[in-house]
Each structure stands twice: as C-alpha cells, then as structure tokens.
Amino acid sequence: MARSFSWIFSHPSRYLIVVRKREVVGRFMEQTVYRATKMEAISVLAPTLTVPPNKTLYTKADKKAEAAAKTALDTVLGLGNCYFSFDFDMTRHLQARSTTSGGTVSPALPSLTRADNRFVWNRHVATDVVRMGLVDWVLPLVLGYVGVGSAIVAGKSVRLALFSRRSADRPGRRLTVRGADMQGEVANFVETEMLLSHSESAASFVQVRGSMPLLWAQPASLTLKPRPTLKHPPVGGAADAGMGGAPLAAAVSAANGDAQLAPPLAGGPSLSTTPAARHFKKLTDTYGSVTAVSLIDSTGPEAVLGRELASILSAGVTSGVPPSVRYLAWDFHTECAGMKYDKVGALLASIRRDVEAYGVCRIRTGRLVKSQSGVVRTNCVDSLDRTNVVQCALAATVADDVLRAFGVLLVGGTASDRAAVGPRGAPSFATVFQHLWADNADEMSSVYAGSPALKTDYTRTGKRSKVGAARDGVSSARRYVANNFSDGGLQDALDVWAGVASARKADARPPGADETPEEVALKQTGKDKALLPAVAVCLALAVVGAMYGRRWYVRVGLAVAFSGAAAGAGYMVLKNGRKYVSRPKLQGTA
C-alpha cells in the first residue's frame, strides 16, 4: 500500500501526495531502501465548492495562489532523488539508531516521532496530517542519494552502501542560497554515511559537508564566476555603535536584507560570528569533535571567505565556537594544479590523526561495540566538486582500515590494490566503491547546481582525463544556464515546499527589493529593456554589413562598427547582469 502525506495550503484546497512508483535501490543488513520514481499530488477538495450558496469559496487571489503553489509542488516532486524505507529509520545513521535502541541494531519502523528532523524532506508538508493525529500515514522521505553494492575482496564477500542525507533546514539552489542563516543552518548541508559489512560485522563512517557557515552571498549575474561577498552591518548601524558585533535582532535584520554587501571592514565586527558559532555548536552536539577542512582558493575572489572564517575560528571560545573544533585550510586548486588529484593524499595525512582518534561505528553480532566520536566537515565554495574528491579519498582510506579490522585484508593491504574482477566476473571492490561515490557526487550536484558533478572521472576511475575535463565543460555550461535562467523559480518552489514562503501574491518580494543602486539607475533610464535587443540588432547589422557592403573597406568598417556597438551593449548587460537573471520572487530563504 502506498504511504502518503498531505499538504494543506493557506486557502481551502488540500493535496494528498502519494508515491505512485518506486524502485528497489538495494538491501543492506536485511533492510530494503526504495527510490520514489513517480510522485503525484491529488486534490482532495474541489475548487468549485461554494459556501454560502451562490458565493464561491475561492477568491480570484486564492485561485492564483493555488495555481502558483500547485506549480511549485509539481516542480519539487519532479526533482526526484527521494528515498524511503518501510524497514528502518533511514533519517538516522547506524550509530544513532543503535544508541537509541539500547546498543542493538534491531530496526525500529520509520516514524516521524523518532526521525532526525533535519533530514525529513517532507516534514513541513506533513505538519497538518500529524496535527490531525494521522502520523502513521506519513513516511519520512530523505532527499539525497542511496547506493548499495557487493564485491569480492581477497576471496571474501563484502557489502558496501552509501547514504547521503540532505538537510531540509536551508534548502536552495547554488547561487540563490549560500552560507548560513542566523540559526547556524547552512546551505547544501549533507550527511554522508559509508556502510560496510562482512559476515556478522558492520561498520559506519560519517562525514558532513556544507556551505561556509558565514553570512555571504554570490548572486547570479551572467558572469561565469560571480564574486562572493560577505554581509556586514550597514553604515551607521551596530558597527558604529561600538557593540563589537550586532545584537541578535539587528543581526537578523541585516541577514534578511538590511546588511550591505561589501568587502570586509578592517577591524570591524562580523555578522557571521553568531551563525558560525551556532553551526559548529550544533555539529559538536551531534557528532562530537569536528575537523573543519576548507578547500577554497587562498587567493582571488574566494579568499575573502577563508579569511573571515579563519578569523572567527582563531578567536576560539571568545567567538562562541566550541574548543573541540579544529580548522584546516587547504587550497585544492593550488595543491592539485595540473589535474594532479593524487596530491589529496597530503591533506589526508594532515588529518589522519584526527580520523584515527574519531574511529568508526562498529557493530558485531547485532550489537554496538564501538562509536565514532567526531566528524570531518569538508567544504569548498559550492561544497560539491572539490568536496566530492576529498570525501571519496578519505572514505577509501577508512574503508581499508575497516576491512583490515574485519579480517578481510591483511595488515598493509588495500582494497584498491585488488582491482581484478571477482569470481564469474564480479566487480572488484575498487570499482563498486568508485562508482557509488561518483554517482553520489552527481546526485548531490544535480539537486544543488542543476548538473552532474565535475571531476567525477577521477572519482570513478582514479584518473583525471581530458575526456573528463571536456564533460566538465558541458556540465559547467548546464550549471550556467540553470543558475542564471531558471533557478529563481525553482528556489521559490523549494521555499514553498519547506514552509519558509507562501505562494500568495501578498507574500511576494516588493518590486525592486533586492536591486542595487546601479540597477535602479539603469531601470529609471529605461535602458534596461533596450540593451538585449540592441546587442541582437547590432550583431545582425554587423553580419549584414560584412556580407553586403559594396566595397571591402565598407564591409570591414560596418562589421567593426556594429560589432563594437554590440560589444558595448553587451558590456552593459554583463555589468548589470543581475537585472537579466532569474531571481526568486517570494520572500523565502534566498
């Protein structure tokens, strides 16, 4: 029987959401995981209902709001990447499930009352159903990735699984939602759990990723790489009052749009101290000690983020950051220049002591025998491509340690060394491992950035190639198109789904609310609507002039003149690129 949940709008219509089709992803430790391949919203209250007689229940505004909300609902349901299980609570990792069940791994059936609320993707839309006492109708959905595989290592059978759980606390798209909110929730926060089992033993290793826990933005602007910008108090505000940092109310106001997007003020207060401290406090409360690895560039536009976070963390307890947080900055692009990604080994060596101290969760004969006491938190500017490479490499070293502990590998042996296929053509452990991590990278990227991940040729094969670089070019182009021309509407849909925005017209952003002074000035002149047609017309005239001029110097002159005019108009378009990109229209997360 299909499990379902309901979404109740702020006006009469209600929708029942059901999983129409599903596919089995795999079984691990006798527990089956499914992927929802088709989800549907079914209206359960007709809009033609009239109360009182001869008076339509819906107003015109209600109908428009419902149509917008239904579009948002269908958009989110079309994202895919939703997983569920009837056998166990897949919102929590193995250690958390074992700890709450008295040290055993006997699976408790999935329930919202026991789930990790961070990773229940349908938690908001299920709220009204729960209030009606129908909690058993609701099956927690996890947005992320699940992959399961088997391999033969040294003649012994090993099961491998990968679970990635995306947080529902700050949903959004790559260039529309960055950094943290004032509560310390960050964009693109994902908990990834690697599971291994052999005979009666199982192990779990957890890593996390997430946007840099600062108040920063990187709005789409038609440029290939928009410049990241920190948020700071407005001039004449808390910064000038000598408070050493904005109070919470002022900080919230600034984080919601009153702050200025500007370079860091030398010696000035940072609005990011509070959200960064709260973020790391939540991590230490949940996972124990934290090793925070930042892979962003040490020079160029990204460097401002690294300096800000390093400044906050170096202040230690005075900034409110727990002492059990260790920060390591490692410039991935510089260290791995020339596609030499094997140099990631130097990074792993520098955190090896921490990883060994944290350990892994170990299960033997159904009981918890060892716990993981800390976590590695990895980020780059997107927390996607560079992060994927490092998390996969770290997981590979941990997998070797686990297989040695299982007695599958001898001391000194590595699973990656055993690249030969198993009996009857069974894939090697290295092949299964690499493909799971590459698929995970693609799924994480598709939800956040709108394209498959970059650099997955290295993750999938262990080698960087020119063909892989060419694929990255195609994926980058897809990201560019999505981030600039469609993500605004998708962000609105995610915000309505998560309950941080309403589809009603009254809750829309005021016109021009996020426009810069330059954009306002351009709009007042009326040139904003003329620039794009001007580029097209000038290019067309350049082509016509080059083809049909009576003399060669006339043709060249016309081509150069009109091309120059097109270039000038194009420069103005790029300079005011935010005016032409897709932006969210609702007052939500972005």
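Structure's up top.
Rules behind the numbers
- Residues numbered from 1 in each chain as written.
- Predicted model: local features only at pLDDT ≥ 70, side-chain atom pairs only at ≥ 80, totals over all residues.
- Heavy atoms only, no water.
- Helix = DSSP H or I, 4+ residues; strand = E, 2+ residues; numbered from the N terminus.
- Polar contact = N/O pair within 3.5 Å; in protein donor to acceptor, adjacent residues only side chain to side chain.
- Axes fitted to C-alpha atoms, helices over the stretch in contact; angles between N-to-C directions.
- Left-handed = near helix turned anticlockwise from the far one by under 90°.
- Contact = heavy atoms within 4.5 Å.
- Nonpolar A, V, L, I, M, F, W, Y, C, P; charged D, E, K, R; others polar.
- Buried < 20%, exposed > 50% of the residue type's maximum accessible area, 1.4 Å probe, protein only.
- Patch = residues over 30% accessible without salt bridge, like charges linked within 9 Å, V, L, I, M, F, W, Y side chains within 5 Å.
- Areas by Shrake-Rupley, 256 points an atom, 1.4 Å probe, with all protein chains shown as cover.
- Salt bridge = Lys/Arg side-chain N within 4 Å of Asp/Glu carboxyl O.
- Core = buried A, V, L, I, M, F, W, Y, C linked by side-chain atoms within 4.5 Å.

J.: Can you lay out the side chain of D487 for me, pointing to particular residues and giving the numbers?
T.: One can find D487 in helix 13 (residues 487-498). A polar atom in the side chain of D487 sits 3.0 Å from the side chain of R173.

J.: Summarise the packing of helix 9 (residues 385-406) against helix 10 (residues 429-448); cite the residues concerned and give the values.
T.: Contact pair helix 9 / helix 10: the axes reach a minimum separation of 11 Å and the direction vectors enclose 145 degrees. By crossing handedness, the relation of helix 9 to helix 10 is classed as right-handed. Where helix 9 approaches helix 10, its residues N388, Q391, C392, A395, A396, A399 and L403 are matched on the opposing element by F429, F433, W437 and A441. Considering only residue class, the contact of helix 9 with helix 10 consists of 9 nonpolar, 2 polar and no charged.

J.: With reference to specific residues and values, describe unusual backbone geometry.
T.: Here the phi dihedral of A154 falls at roughly 55 degrees; this positive angle occurs in a residue that is not glycine. With respect to the helices, strands and loops of the structure, A154 is situated in the loop between strand 5 (142-153) and strand 6 (156-166). The exposure class assigned to A154 is partly exposed, which follows from its relative accessible area of 40%. Notably, N188 is not glycine yet its phi reads approximately 55 degrees, a positive angle.

J.: Describe a nonpolar patch on the surface, and please don't skip the residues or the numbers.
T.: A cluster of nonpolar side chains, namely W552, Y553, V554, V556, L558 and V560, defines an oily patch on the protein surface of about 590 Å² accessible area. Looking at the element boundaries, V554 is found in helix 16 (residues 552-575).

J.: Lay out the nonpolar core with the relevant residues and their values.
T.: Formed by 66 residues in total, the largest nonpolar core has its most connected members in M194, L196, F332, V344, F429 and F433. Tallying contributions element by element places helix 9 first for this core, with 11 residues. For F332, the contacting residues outside a window of four places in its chain are L295, Y341, V344, R386, V389, V390 and K455.

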